[in-house]
Amino acid sequence: HVQVVESGGGLVQAGGSLRLSCEASGTDLAINVMGWYRQAPGKQRELVAAIGRRGTTNYADSVKGRFTITPDSAKTAVYLQMNSLKPEDTAVYYCKVTGERYTDDSSRTFWGQGTQVTVSS
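Asks: What is the right way to look at the side chain of Asp28 in this model?
Replies: Structurally, the position occupied by Asp28 is in the loop between strand S3 (18-26) and strand S4 (29-39). Among the polar contacts listed, one links the side chain of Asp28 to the side chain of Arg101, at a separation of 3.3 Å. Contact partners of Asp28, with chain neighbours within four places excluded, come to His1, Glu100, Arg101, Tyr102 and Thr103.

Asks: What should I look at first to understand the sheet that holds strand S7 (residues 67-71) in this one?
Replies: Two orientations exist for strands paired in a sheet by backbone hydrogen bonds: parallel and antiparallel. The strand order across the open sheet formed by 4 strands is S1-S3-S8-S7, and the pairing between neighbours is antiparallel. In this open sheet, the two edge strands, each paired with only one partner strand, are strand S1 (2-7) and S7. Adjacent strand axes in the sheet meet at a mean angle of 15°, parallel and antiparallel pairs treated alike. Relative to strand S8 (residues 77-82), S7 runs antiparallel, the two sharing 5 bridges. Looking at S8, one finds that Ile69 is bridged to Leu80.

Asks: Would you explain the side chain of Ser106 in this entry?
Replies: As for its placement among the helices and strands, Ser106 is situated in the loop between strand S9 (91-101) and strand S10 (107-111). Reaching out from Ser106, the side chain makes a polar contact with the side chain of Asp104 at a distance of 2.7 Å.

Asks: Is there a simple way to explain the nonpolar core in this structure?
Replies: Nonpolar side chains tend toward joint burial in soluble globular proteins. Judged by nonpolar contacts, the single largest core of 30 residues is most densely connected at Trp36, Leu80, Met82, Tyr93 and Val97. Broken down by secondary-structure element, the contributors of at least two residues to this core are S1, S3, S4, strand S5 (46-52), S7, S8, S9 and strand S11 (115-120). Those residues in contact with Tyr93 that lie beyond four places of it in its chain are Glu6, Leu20, Trp36, Tyr37, Arg38, Val48, Phe67, Leu80, Met82, Gly114, Thr115 and Val117.

What counts and what doesn't
- Residues numbered from 1 in each chain as written.
- Predicted model: local features only at pLDDT ≥ 70, side-chain atom pairs only at ≥ 80, totals over all residues.
- Heavy atoms only, no water.
- Helix = DSSP H or I, 4+ residues; strand = E, 2+ residues; numbered from the N terminus.
- Polar contact = N/O pair within 3.5 Å; in protein donor to acceptor, adjacent residues only side chain to side chain.
- Contact = heavy atoms within 4.5 Å.
- Pairing = 2+ DSSP bridges.
- Axes fitted to C-alpha atoms, helices over the stretch in contact; angles between N-to-C directions.
- Core = buried A, V, L, I, M, F, W, Y, C linked by side-chain atoms within 4.5 Å.
- Buried < 20%, exposed > 50% of the residue type's maximum accessible area, 1.4 Å probe, protein only.

So, in structure tokens, the structure goes:
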């Protein structure tokens, strides 16, 4: 019973910033990893940034130095601070939550509905 909700997308000019939020709510999942993916029209969905519950992060090369992923204190939400945005960052950004069910330790993945980020030149 997990719901994943993203927010914070919008339209910005190149060089601008946005902060995306992903909130996960539920009662039956021990979250291991939360991450952001993006998908541009006609392209495959790709990982942007992810963070494990111990704080280990992973970033796509294309966003290193510009994007930062951080968790909240409860590790049920993550934020993606996006700076120095480029037109090629334009995509729908999706939050992915993975974890283990409390009942049987089975792995589960949940996706948010996505939030549109558009960067104009």
